[in-house]
Amino acid sequence: MTDTTKPLSRPASSPSALATWVLLLAVFAAIYLAALHLPSLLDDADATHAQAAAHMAETGDLVTLKVNGIRYLEKPPLPYWIVAGLYKILGENAYATHLPNALAVLGCAWIAWLWCRRARGDRAALYAALGTLTSFGPFLFTRFFIPEALLSFLLLSALYCLLTGLESRRPGRFYIAWAALALAMLTKGLIAPVFFFAAAIPTLMLSGHWRRWRQLKPVTGSLLFLLIAAPWHILAGLRNPDQGHPIGNIPTIGNVHGFWYFYFLNEHVYRFLGLRFPHDYNRLPFAAYWLLHLVWVFPWSLFFPAALIIAWRTRHSWLQHLRRDAGQTVDFYLDNAVREDVASYVFRLKFRTRSAWLLGLFAAFTLLFFALSTNQEYYTWPAWVPLIMLTAGMLAAIEEAWEGVRLAEKQGTSAKTRVAGSLWVLNAHILFTVIGAGVAAALILGLWESRNLPFVSDIGTLLAHRGVGDYSLSMSHFFDLTGPSFAALRLPAILAAVTLLVGPTTGLGLRLIRRNVAATVSVGLTAAVFLVAAHIAFVRFEPMLSSRQLADTIMQKGSATDDFIIYGDQSDASSVVFYTHRFFGHPALLVMERCSPHGNGSSMLWGSCYPDAPNIFLTEDQLATQWGQGNRHWLFAQDTKRSKVQQLLAGKLIPVQTIADKTLWTDRPL
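Residues numbered from 1 in each chain as written. Predicted model: local features only at pLDDT ≥ 70, side-chain atom pairs only at ≥ 80, totals over all residues. Heavy atoms only, no water.

Could you give me a rundown of the overall build of the protein, with the residues and numbers involved?
In terms of helices and strands, the protein carries 26 helices and eight strands. Across the 670 residues that make up the protein, the buried fraction comes to 58%. Long-range contacts, defined as pairs at least 24 residues apart, comprise 78% of the intrachain contacts of the protein with a sequence gap of at least 6. In the structure as shown, the protein presents an accessible area of about 26,800 Å², 65% of it carried by carbon and sulfur atoms. (Helix = DSSP H or I, 4+ residues; strand = E, 2+ residues; numbered from the N terminus. Buried < 20%, exposed > 50% of the residue type's maximum accessible area, 1.4 Å probe, protein only. Contact = heavy atoms within 4.5 Å. Areas by Shrake-Rupley, 256 points an atom, 1.4 Å probe, with all protein chains shown as cover.)

Shown next, in the form of structure tokens:
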């Protein structure tokens, strides 16, 4: 929690703010900005959410989200407002869709830098921001349109303004905190204030700041919160009321609960309890849930043991500097305030301690909440940056104590504690080198096996399709890789292999000669280059993850009077719907049961039960009757449903295009 083994002033070896941000912006541009154009929007959530933003941009309806003409009441509006605004400026494309995610990550890095600089100094600030930009989780879960990055930025901003407002006694900070919290609620719903207060209230109680509750602006701040957050919720409820006579939690056609019931009960309370309908979400196994966080925060999770060791060794001081009237003796502060005046030293030490408690409680509550609730891999996004910040602070403390032996001895630090921390850091770098060599060896083996094979643009034809996790996990397709598939991945595989061989080894050499800042920065730079290679590989998976090529074929060979039909849910081909909706000017048709109580087409289920929902649902019999009649029809199906389509329309299908695991047919010669 609080490391009292080192001075709080910045050693001469710590980087300047200008040098830090030159490095951080270069890393951000390489990993995030350069990756915004490609790949095209992905099927499922990415293009589905983009459809909702496009509907807002085209209709001006900023209250009711719609996807493929159907009400989409699951999500708060702020991410869609932002993307809709960008669509007006930049056009409806992948760049505009994913730009807010990238900027939110940069915002998280900025908050991490600002916070750690105030609490720990320039070195910790650099590590925290660099860790945010180069960790695997933030990179992986900004490849598609989800609100977690924006939520994390807003919650971190609210927490930072709360704490700095108390420290500096600036009432304006509290109003910023209330406003950021309201925007966070418009981003992800009720979990925003729940997570915020779950961390803020215990910290206020433990620190004694609860006695200053009037300074938090509870009345005027709450009014500001409601002024920002309430109007949309009220309007959404009024425009989407109950229909018919809904009973229970399963809607039927014409009998469906309105927005307030669906949004607050079904999407919040029942989701937490695992009773939400439809049950179209996963819950990670207990061990996988916790262990995956080592992946999401990798490579900085390698330093978790070093941070935990120091935290445990200083456990007796966790509460010493938390309260206003608590702390060590005057001699302690005088002995440790070598480069600062005593007042500045005490101020920063107390801010550091309160920061550790606030960030630790926030991360712990977030992790425990989703361990008990239903969860997806990325739900704990808001906890990742606090974990990186806490680890960065401890890592900087260990390095500075390692470099300042004489000053540490004046502070009364035992050599055992100091060596233990440094050895854990060294061991982490050794482990990083071993992991890098192992992964590089696997990549080189794959390259060797595919050395004589030609490049294949559609990598889906070369994968094993092992179906790990039923493809519900973010890295499921990683387990489908085969030797021949590396024919499509030569460039990123070579780049990643060289990076993992050179980067960790170079960093370990720097660590051994105690060039600690350079060694730690090398970890971030190695991860940055690896993530660039990973994105190049990700783009090669576009035929599997996106159906943009099929949309282009339809727009080249079809006409606006044609019909596009999806055999299944719209999420199966949501990228086709997004890229063709202006061309057709009408929604795609779905071969599925409307408002099915069995949960078919879950993203359409609740909205499809409204009596004014467009008639876009076909039965198999209706498809068979309409096929070949009237205007041209285009039919899409994934591999899992291809045999059903072929049996239903035997002899009437004209294949147009197959990419990866999906096929496009039409009902008459082109």
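So what's going on with the packing of helix 3 (residues 78-90) against helix 4 (residues 94-119)? Which residues, and what values?
At a minimum axis separation of 9 Å, helix 3 and helix 4 run at an interaxial angle of 140°. As far as their axial angle goes, helix 4 and helix 3 are oblique. The element helix 3 and its partner helix 4 pack so that their crossing is right-handed. On helix 4, the residues touching Ile82, Val83, Leu86, Tyr87 and Leu90 of helix 3 are Tyr95, Ala96, Thr97, Leu99 and Pro100. (Axes fitted to C-alpha atoms, helices over the stretch in contact; angles between N-to-C directions. Parallel < 35°, antiparallel > 145°, perpendicular 65-115°, else oblique. Left-handed = near helix turned anticlockwise from the far one by under 90°.)

Could you give an account of the pairing of strand 3 (residues 563-566), with specific residues and numbers?
Going residue by residue along strand 3, you find Asp563 and Ile565 tucked away on one face and Phe564 and Ile566 tucked away on the opposite face as well. Sheet topology note: the strand 3/strand 6 (residues 633-638) ladder contains four bridges and is parallel. By the bridge assignment for strand 6, isoleucine 565 is matched with leucine 635. Alignment of strand 3 against strand 4 (residues 589-591), held across two bridges, turns out to be parallel. The residue bridging isoleucine 565 from the neighbouring strand is leucine 589, located in strand 4. For the crossover that starts at strand 3, traverses helix 23 (residues 574-584) and ends in the parallel strand 4, the hand is right-handed. (Pairing = 2+ DSSP bridges. Right-handed = clockwise from strand over helix to strand, strands pointing away.)

So what about the packing of helix 4 against helix 7 (residues 148-168)? Which residues, and what values?
Running from N to C, helix 4 and helix 7 point in directions that differ by 25°, and their axes come no closer than 8 Å. In terms of their interaxial angle, helix 4 and helix 7 are classed as roughly parallel. Here helix 4 runs over helix 7; the crossing is left-handed. Residue-level inspection shows Asn101, Ala104, Val105, Gly107, Cys108, Trp110, Ile111, Leu114, Trp115 and Arg118 of helix 4 in contact with helix 7, the latter providing Ala149, Leu150, Ser152, Phe153, Leu156, Ser157, Leu159, Tyr160, Leu163, Thr164, Glu167 and Ser168.

Quick one: what's the story with the nonpolar core, residue by residue and with numbers?
Counting 199 residues, the largest nonpolar core has Tyr87, Trp115, Phe141, Trp381, Met389, Phe564 and Leu635 as its most contacted members. A per-element tally of this core places helix 4 first, with 15 residues. Setting aside residues up to four positions removed in sequence, methionine 389 forms contacts with Ala112, Trp115, Cys116, Ala128, Leu156 and Leu359. (Core = buried A, V, L, I, M, F, W, Y, C linked by side-chain atoms within 4.5 Å.)

I'd love a proper account of the environment of threonine 561, names of residues and values included.
Tracing the backbone through its elements, the reader meets threonine 561 in the loop between helix 22 (548-557) and strand 3. C-alpha separation for the pair threonine 561 and histidine 586, spaced 25 residues apart in sequence, amounts to 9.3 Å. Side chain to side chain, threonine 561 and serine 559 meet in a polar contact 3.0 Å long. (Polar contact = N/O pair within 3.5 Å; in protein donor to acceptor, adjacent residues only side chain to side chain.)

Lay out unusual backbone geometry in plain terms, naming residues and giving numbers.
In this structure, proline 39 follows leucine 38 across a cis peptide bond, with omega equal to 0°. By the secondary structure assignment, proline 39 is in the loop between helix 1 (17-31) and helix 2 (45-59). In this structure, the amide linkage connecting phenylalanine 298 to the following residue, proline 299, adopts the cis form with an omega of 5°. By the secondary structure assignment, proline 299 is in the loop between helix 12 (286-296) and helix 13 (304-313). Despite not being glycine, lysine 217 shows a phi value in the positive range, around 55°. Along the polypeptide, lysine 217 turns up in the loop between helix 9 (191-207) and helix 10 (218-239). In this structure lysine 217 comes out as partly exposed when scored by relative accessible area, which is 27%.

Run through the packing of aromatic side chains, naming residues and quoting values.
Applying the stated criterion across every chain yields a total of 38 aromatic pairs. Seen in terms of ring centroids, tryptophan 21 and tryptophan 113 are 5.6 Å apart; in terms of plane orientation they differ by 75°. Their pairing is edge-to-face. With tryptophan 21 in helix 1 and tryptophan 113 in helix 4, the pair connects residues that are 92 residues apart, well separated along the chain. Within the aromatic cluster, the residues linked to one another by ring pairs are Phe141, Phe144, Phe195, Phe272, Trp296, Phe365, Phe369, Phe370, Tyr378, Tyr379, Trp381 and Trp384. For arginine 71, the ring lying beneath its charged end belongs to tyrosine 610, and the centroid distance is 4.2 Å. The lysine or arginine in question, arginine 548, covers the ring of tyrosine 579, its NZ or CZ lying 4.0 Å from the ring centre. (Phe/Tyr/Trp six-rings, centres within 6.5 Å; stacked < 30°, edge-to-face > 60°. Lys NZ or Arg CZ within 6 Å of the ring centre and 35° of its normal.)

Give a description of the pattern of salt bridges that names residues and reports values.
Oppositely charged side chains may form a pair once their charged atoms are brought near each other. In this structure the tally under the stated criterion is 17 salt bridges. The salt bridge involving aspartate 61 is made with arginine 239; its shortest N-O contact spans 3.5 Å. With a gap of 178 residues between them, aspartate 61 in the loop between helix 2 and strand 1 (66-67) and arginine 239 in helix 10 connect regions that are remote in the sequence. The class of aspartate 61 is partly exposed, set by a relative accessible area of 21%. Salt bridges here are not isolated pairs; linked through shared partners, they connect Arg123, Glu399, Glu400 and Arg511. (Salt bridge = Lys/Arg side-chain N within 4 Å of Asp/Glu carboxyl O.)

How would you explain a nonpolar patch on the surface if you had to name every residue and give the values?
A grouping of Leu265, Val269, Phe272, Leu273, Leu275 and Leu372 is seen on the molecular surface, where their side chains present a nonpolar patch of about 540 Å² in accessible area. For the nonpolar patch, the element with the highest residue contribution is helix 11 (residues 259-273), accounting for four residues. By the element assignment, leucine 275 lies in the loop between helix 11 and helix 12. The exposure class of leucine 275 is exposed, given its relative accessible area of 53%. (Patch = residues over 30% accessible without salt bridge, like charges linked within 9 Å, V, L, I, M, F, W, Y side chains within 5 Å.)

Could you give me a rundown of the sheet that holds strand 4, with the residues and numbers involved?
Strand order in the open sheet formed by six strands is 5-4-3-6-8-7, and the pairing between neighbours is mixed. Edge positions in the sheet fall to strand 5 (617-618) and strand 7 (654-659), since each of these pairs with one other strand and no more. In this structure, strand 6 lies alongside strand 8 (residues 662-666), joined through five bridges in antiparallel fashion. From the neighbouring strand, alanine 637 faces strand 8, where its bridge partner is threonine 663. Where helix 22 meets the sheet, its contacts fall on strand 3, strand 6, strand 7 and strand 8, and the angle it forms with strand 7 comes to roughly 145°.

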